[in-house]
Structure formats: C-alpha cells, structure tokens
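Results of the structural survey
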Amino acid sequence: MRISTLLYTLKQGLKNVIRNKVFSLASMATIAACIFLFGLFYCVVANFRYMVKEAEAGVSVTVFFDEGISDEQIEEIGNLIKKRVEVDKVNYISADEAWNEFKEEYLGEYADGFENDNPLKDSASYEIYLKDVSMQSALVTYLESVDGIRQVNKSEFTADALSSLNSLVGYISGGVILILLAVALFLISNTVALGISVRKEEIGIMKLIGATDFIVRSPFIIEGMVIGLIGSAIPLLGIYLGYDKLINYIVEKFNILSTILKFLSVDIVFETLLPVGLIMGIGIGFVGSFWTVRRHLKV
Amino acid sequence: MNTLVQIENICKVYNPGENEVRALDHVSLQIDKGEFVAIIGQSGSGKSTLMNMLGCLDVPSSGSYLLNGEDVSFLTDDELSDIRNKEIGFIFQGFNLIANLTAFENVELPLIYRGVGKRERKELALESLDMVGLSNRIGHKPSQMSGGQQQRVAIARAIAAKPPVILADQPTGNLDSGSSKEIIKILKRLHKTGRSVILITHDNEIAAQAKRVIRIVDGKIIEDYINDKFMEE
Ligand SMILES: Nc1ncnc2c1ncn2[C@@H]1O[C@H](COP(=O)(O)OP(=O)(O)OP(=O)(O)O)[C@@H](O)[C@H]1O
Ligand SMILES: [Mg+2]
C-alpha cells in the first residue's frame with residue numbers, strides 16, 4: 001500500500017463525513033452523549049473509590065486486654081493478630097502512651113495533679129489497621145474469641161454502605177452506557193449504509209477501473225472512525241474544562257463534609273479517562289462501520 | 001510470448017437450471033498483442049458477456065482463460081482488480097464517469113488506485129486529456145459536457161495509466177456519427193502507439209474500421225476474418 005493511496009483513502013473518508021452531514025452529526029451526537037455519560041460516571045466512581053480509600057486509611061480496630069495480663073501474653077496476642085490476613089499494620093500503645101496522649105488532648109495544663117498516678121494503667125492496646133474495611137467484621141469476630149482480650153472497639157465507618165452505593169452507581173451507569181452504545185452503533189451503521197447506497201454506482205465504477213476492496217471499503221471505515229473520534233473528543237474536552245468548576249461547586253455547597261470529600265485532580269482522572277474515552281469512541285465508529293461495510297459491500 | 005488472450009472453450013451460463021441463458025457457448029479465441037479487433041454481433045448475442053470475461057470483470061462457467069499466459073481463474077478478487085488497473089483500460093457505452101468529479105479527477109482515479117504520486121499523476125492525467133483533445137475542459141464535471149466529450153474523458157481515464165490493452169464496449173453507442181468518428185480516430189491512434197485494442201460494436205460500419213473482425217451470434221463465434229481495407233489513421 002503506497003502512501004499516496006493511503007492519503008487518498010483518508011481524504012475520501014473525511015469527505016464522506018462532510019457529505020453525509022445530517023447523519024454524521026446525529027451519530028456524533030449520540031457518541032458524544034455516550035462518552036459524556038461514561039466520563040461523568042467514571043469521574044464519580046473514581047472519586048468515590050478515592051474517598052473510600054482515603055477514609056479507610058484512617059480506620060482501625062482497637063483491642064484492650066484483660067486486667068493483670070502479663071507482657072508476654074500481650075506479645076503473644078500481638079503475634080496472633082499480625083498473622084491474620086486482614087491485618088495491614090499493628091501498633092502497640094502502652095498504658096503510659098495512652099495516658100500521655102489523653103493528658104495532652106483533654107487536660108492540658110491541669111494534668112500536673114495526676115503526675116505519678118496513671119488512671120489508665122489497664123489501657124494498653126493494639127491499634128490494628130486493616131487492608132480493606134470490608135474485612136472488619138471477620139476480624140472483630142475472631143478477636144472477640146481470643147483469650148486475654150477484654151474489649152474490641154471497632155470503627156463505625158460505614159464503608160459497606162459506601163461500597164454498595166458505589167457499585168450501584170457502577171451498574172446503573174453501565175446499563176445506560178450499554179444502551180447508548182447500541183444506539184450509537186445503530187446510527188453509525190445507518191450513516192455508513194446510507195453513504196454506501198448513495199454511492200453504489202460510483203463504487204461500481206471504481207471497481208471497474210481497478211479499485212481494490214481496500215480502496216473501496218476503507219473510506220467508509222475511516223468515516224466511522226472520524227465520527228467516533230470527534231464524537232468522543234468533544235465531551236471529553238467539555239468534562240476536562242468543567243471538572244474543576246464542578247468540584248469547587250460541590251466543595252462549597254457541602255463544606256460540612258469537607259473532611260470526607262476529597263477529590264482527584266483532573267489530570268489524574270484524565271490519565272485513564274482520556275485514552276479509554278477516545279478508544280471507546282473510535283472503537284464504536286470502527287466496529288459500526290466495519291460491520292456495515294462487510295454487510296453492504298460484498299464486492 | 002506474443003499472445004495476449006488465449007480463450008479455450010469458454011461457456012457462460014446465467015441462471016443455471018430453469019430459465020437458463022447460455023450467453024457464451026464454447027467460445028475459443030486467440031488475440032495477439034498489438035491487434036486491433038472488432039467483436040460484432042446483435043443485441044443479446046453475448047458481446048458484453050465476452051468483454052466481461054476478457055476484462056476479468058466476471059469468470060466463465062467453464063473453459064479456461066489465459067491473459068498474458070496467466071490463468072486468471074485462480075486469481076483472487078484483489079488480484080483481478082490489480083490486473084484491471086494495470087493491464088486494461090475500459091471504455092463503456094455509458095461512459096461510467098463519476099458524476100461529482102471533474103474531468104481531471106475522473107482521469108486521475110485509476111492512477112490513484114495504482115499509488116502514483118501526485119505530481120506524476122497530474123502529468124499523466126493532463127497528457128491523456130490532451131491526447132483526446134480536452135485540455136480546455138479539465139475542470140468540467142460530466143454534466144457540463146456533451147456525450148462525445150464525456151466519452152473522450154472516459155478514454156482519457158482508460159489510457160492515463162498507459163495500459164497495454166484497451167477494451168471498449170460499444171463506445172460510440174450513445175453518440176452521433178460525428179462524435180463516433182472522433183472516438184474511432186482516437187482508438188486507431190492508440191493502436192498505432194502499440195496498444196492492443198478490442199472494440200465491441202453492433203455497427204458494421206464501425207467494425208469495418210478494425211483490422212480483424214469477429215462476428216458473434218447467440219454466444220457462438222461464427223466468423224473471424226482479417227479486414228483487407230484496414231487503414232491506419
Ligand atoms: N446478469 C445476467 N443475468 C442473466 N442473463 C444475462 C445477464 N447478463 C446478460 N444476460 C443475458 O446474456 C445474453 C447476452 O447478453 P450480453 O449483455 O452479453 O449481450 P450484448 O451482446 O452485449 O447485447 P447489447 O448489444 O444489447 O449490449 C443476453 O441474452 C442477456 O439477456
Ligand atoms: Mg452489451
């Protein structure tokens with residue numbers, strides 16, 4: 001295949017898009033809607049994941065020991081805990097550390113009176129960080145059955161609810177995107193089929209004077225891919241430009257929740273969204289037109 | 001090798017079965033390079049069917065066809081396209097120009113399919129438009145030209161890539177006698193430059209311009225003779 005032939009094919013493909021204006025625009029609009037929704041859902045899901053992760057990082061389970069327990073026993077319990085698969089990291093907090101922290105936080109300058117008398121002398125504990133919050137209940141059940149443990153404090157963080165909301169959003173968006181995808185495929189296929197039927201005679205002449213299947217077919221496939229490219233580039237650009245504004249708006253509106261609402265930067269989101277979105281758009285265009293050309297151009 | 005076309009016992013049957021049409025019936029034919037042959041016959045006698053075989057536009061139901069010594073029945077679709085593009089220039093009764101392209105763009109097309117670069121393309125296209133006397137019409141679309149001019153554009157397109165064979169199916173069928181003479185003159189000139197010309201017609205007067213005449217009736221060759229009165233242009 002020579003370069004001049006490729007260039008010609010490319011030019012014909014672009015011409016097809018312009019010649020077929022109304023249908024091309026309709027196809028582009030559908031793809032744009034599809035990719036726009038995809039982008040939006042992706043932003044929501046990605047940020048959700050991020051927030052959950054951030055929140056999880058601070059979540060821990062704390063265990064306190066029976067009164068009068070020996071240091072060896074505490075160490076033994078520590079080893080048991082460390083062996084659990086759910087556990088990411090274990091911190092030992094001695095009674096003195098707990099007391100010091102308490103003094104600093106709540107008593108401040110009044111702490112002097114308690115100088116040599118630690119009222120929290122049985123408050124040594126393990127602070128256990130989990131790999132994943134969803135494993136929390138399994139670990140708590142186990143810990144409660146271990147000898148020498150008096151009490152297990154678990155975090156009230158509702159990661160479970162968040163996770164299921166997250167996957168609900170995922171399913172709904174997946175469904176909507178699938179429907180839009182089907183509509184986009186249908187429209188592209190019709191656009192290309194129309195172009196082929198309008199140019200049936202021209203294609204016949206092309207074949208007569210020696211055009212190969214590649215030369216006859218590829219302009220239509222390029223047409224589909226260009227429609228897909230433009231159709232996906234526009235909404236992606238829109239999301240890129242609008243992202244920060246939207247985030248700022250949300251942060252202002254819900255600033256009570258500002259400790260939970262942590263957002264990804266637009267650049268990080270687009271590291272994935274840009275290639276995936278473009279490939280989706282061009283892919284829809286390619287599949288739609290290829291399929292149609294195969295069906296209608298049995299030359 | 002001086003043989004261009006070697007056809008042995010070709011049959012072409014349309015709609016095999018009930019209303020079967022035997023368009024070509026055991027045709028054998030040999031044409032050498034550089035000949036100027038007219039194939040003449042009445043409407044429905046099988047001329048276009050024969051031309052489709054010769055031009056690799058269709059394949060015979062039975063029999064063999066060697067073009068330049070190569071058996072074309074084993075070639076793929078794209079290889080046949082390639083032969084049409086490189087070996088054969090087609091001229092049709094209905095011109096078969098692409099309506100929304102200018103004369104120049106129409107002539108340029110087969111060169112594009114061959115992958116000829118832009119500058120050379122322009123040179124060759126202008127040269128062949130000049131050869132048919134249309135240098136002053138290169139920017140016109142088919143609808144802005146007379147039938148004779150359109151057919152000359154089609155000839156320019158057929159010869160732009162300098163194929164060794166010209167296949168013309170009733171090229172004057174839609175033209176008045178003046179334009180017809182013009183077209184035949186051009187074909188003769190092409191023959192003189194060394195090309196093989198195969199001209200299909202149902203007009204005795206036009207057939208008489210060729211060097212060799214093959215008459216076909218009901219899909220059979222019934223006459224094949226050398227024209228003594230043939231005159232080079
Ligand atoms: N695609 C086809 N299907 C069925 N029959 C066909 C087909 N093409 C041609 N025929 C038949 O084959 C016979 C020869 O047709 P062909 O087109 O070769 O005639 P022709 O000599 O070119 O006639 P004309 O001078 O009118 O162009 C005719 O009887 C025609 O009806
Ligand atoms: Mg005919």
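Everything discussed here concerns the structure shown above.
The text that follows walks through the structure, step by step, so that each part is easy to find.

Comments concerning the overall build of chain A
Per the secondary structure count, chain A includes nine helices and four strands. Taking all 299 residues of chain A together, 41% fall into the buried category. Pairs at least 24 apart in sequence give 85% of the contacts found in chain A among residues at least 6 apart. For chain A, the accessible surface area stands at approximately 17,100 Å², while carbon and sulfur atoms represent 62% of it.

Re the site of ligand 1
Residue and element names in this part refer to chain B. As a structural note, the neighbourhood of ligand 1 is formed by 13 residues, with S43, G44, K47, S48 and T49 the closest of them. In the environment of ligand 1, an oxygen atom lies 2.9 Å from a nitrogen or oxygen atom belonging to the side chain of Q170. Within the complex, 61% of the 640 Å² of free accessible area of ligand 1 lies under protein. Looking at the shell around ligand 1, the element that brings in the most residues is helix α1 (residues 47–54), giving three residues. Taken together, the residues of the shell around ligand 1 sort by class into three nonpolar, nine polar and one charged.

Some remarks on the interface of chain A and chain B
Facing the 17 residues of chain A at the interface are 22 residues of chain B. Surface buried jointly by chain A and chain B totals about 1,700 Å² across both partners, of which 57% is contributed by carbon and sulfur atoms. Across the chain A-chain B interface, the total number found is one salt bridge. As a salt-bridge pair, D77(B) and K207(A) come within 3.9 Å of each other at their nearest N and O atoms. On the surface where chain A and chain B come into contact, there are five residue pairs in polar contact (both at pLDDT 80 or more). Of all elements in the fold, only α1 (3–19), α7 (200–208) and α8 (213–253) of chain A reach the threshold of two or more residues within the side of chain A that touches chain B. Of all the elements, α7(A) adds the most residues to the side of chain A that touches chain B, at five residues. Each residue belonging to the side of chain A that touches chain B can be placed in one class, and the counts come to eight nonpolar, four polar and five charged.

Points about helix α3 (residues 103–113) of chain B
Residue and element names in this part refer to chain B. Of all eleven residues making up α3, ten are buried, and the element is well covered by its neighbours. Among the residues making up α3, those that are buried are A103, F104, N106, V107, E108, L109, P110, L111, I112 and Y113. The positive-phi residue at the C-terminal boundary of α3 is G115, with phi of around 80°.

A look at the sheet that holds strand β9 (residues 212–217) of chain B
Residue and element names in this part refer to chain B. Spatially, the six strands line up as an open sheet ordered β6-β7-β8-β3-β9-β10, and their pairing is mixed. A strand with exactly one partner marks an edge of an open sheet, and here the two such strands are β6 (88–91) and β10 (220–226). Across the sheet, the mean angle separating the axes of adjacent strands is 15° when strand polarity is ignored. Sheet topology places strand β3 (residues 36–40) next to β9; four bridges connect them, and they run parallel.

Describing the pairing of strand β1 (residues 3–14) of chain B
Residue and element names in this part refer to chain B. Bridge count between β1 and strand β2 (residues 21–32): eight bridges; the pairing is antiparallel. From the neighbouring strand, Q6 faces β2, where its bridge partner is Q30. Between β1 and β2, which follow one another and run antiparallel, lie six residues, and N15 among them has a positive phi close to 45°. Bridge count for β1 against strand β4 (residues 62–67) is five bridges, and the pairing is antiparallel. In the strand pairing of β4, Q6 is matched with L66.

Side note on a negative patch on the surface
Judged by side-chain charge, D66(A), E67(A), D122(A) and D147(A) come together as a negatively charged surface patch. Along the chain, D147(A) falls in the loop between α5 (136–144) and β4 (149–153).

A short note on the pairing of β3(B)
Residue and element names in this part refer to chain B. Most of β3 is tucked away: five of the five residues are buried. Burial along β3 is two-sided: F36, A38 and I40 and V37 and I39, pointing in opposite directions, are all buried. With five bridges connecting them, β3 and strand β8 (residues 196–201) associate as parallel partners. Residue pairing for β8: I40 is matched across the bridge by T201.

Concerning α5(A)
Residues and elements named next belong to chain A. Among all positions in α5, only Q136, L139, V140 and L143 are buried. In an axial view of α5, the angular spread of the buried residues amounts to 100°, which keeps them on one side of the axis. Away from its buried face, by an angle of more than 90 degrees, α5 presents the exposed residues S137 and T141. Looking at the buried side of α5, the elements it contacts are β1 (60–65), α3 (71–83), β2 (87–93), β3 (125–130) and β4.

Some points on the environment of D244(A)
Residues and elements named next belong to chain A. Residue position: D244 is located in helix α8. The class of D244 is partly exposed, set by a relative accessible area of 42%. Remark: the alpha-carbon pair of D244 and I81, spanning 163 residues in sequence, is separated by 43 Å.

Criteria and cut-off values
Residues numbered from 1 in each chain as written. Chains lettered and ligands numbered in written order. Predicted model: local features only at pLDDT ≥ 70, side-chain atom pairs only at ≥ 80, totals over all residues. Heavy atoms only, no water. Helix = DSSP H or I, 4+ residues; strand = E, 2+ residues; numbered from the N terminus. Buried < 20%, exposed > 50% of the residue type's maximum accessible area, 1.4 Å probe, protein only. Contact = heavy atoms within 4.5 Å. Areas by Shrake-Rupley, 256 points an atom, 1.4 Å probe, with all protein chains shown as cover. Near = heavy atom within 4 Å. Polar contact = N/O pair within 3.5 Å; in protein donor to acceptor, adjacent residues only side chain to side chain. Nonpolar A, V, L, I, M, F, W, Y, C, P; charged D, E, K, R; others polar. Buried area = accessible area lost by both parts, 1.4 Å probe. Salt bridge = Lys/Arg side-chain N within 4 Å of Asp/Glu carboxyl O. Pairing = 2+ DSSP bridges. Axes fitted to C-alpha atoms, helices over the stretch in contact; angles between N-to-C directions. Patch = residues over 30% accessible without salt bridge, like charges linked within 9 Å, V, L, I, M, F, W, Y side chains within 5 Å. Lys, Arg positive; Asp, Glu negative; His and termini not counted. Charge placed at Lys NZ, Arg CZ, Asp CG, Glu CD. Arc of directions from axis to C-beta.

Distances and angles like these do not, on their own, reveal function.
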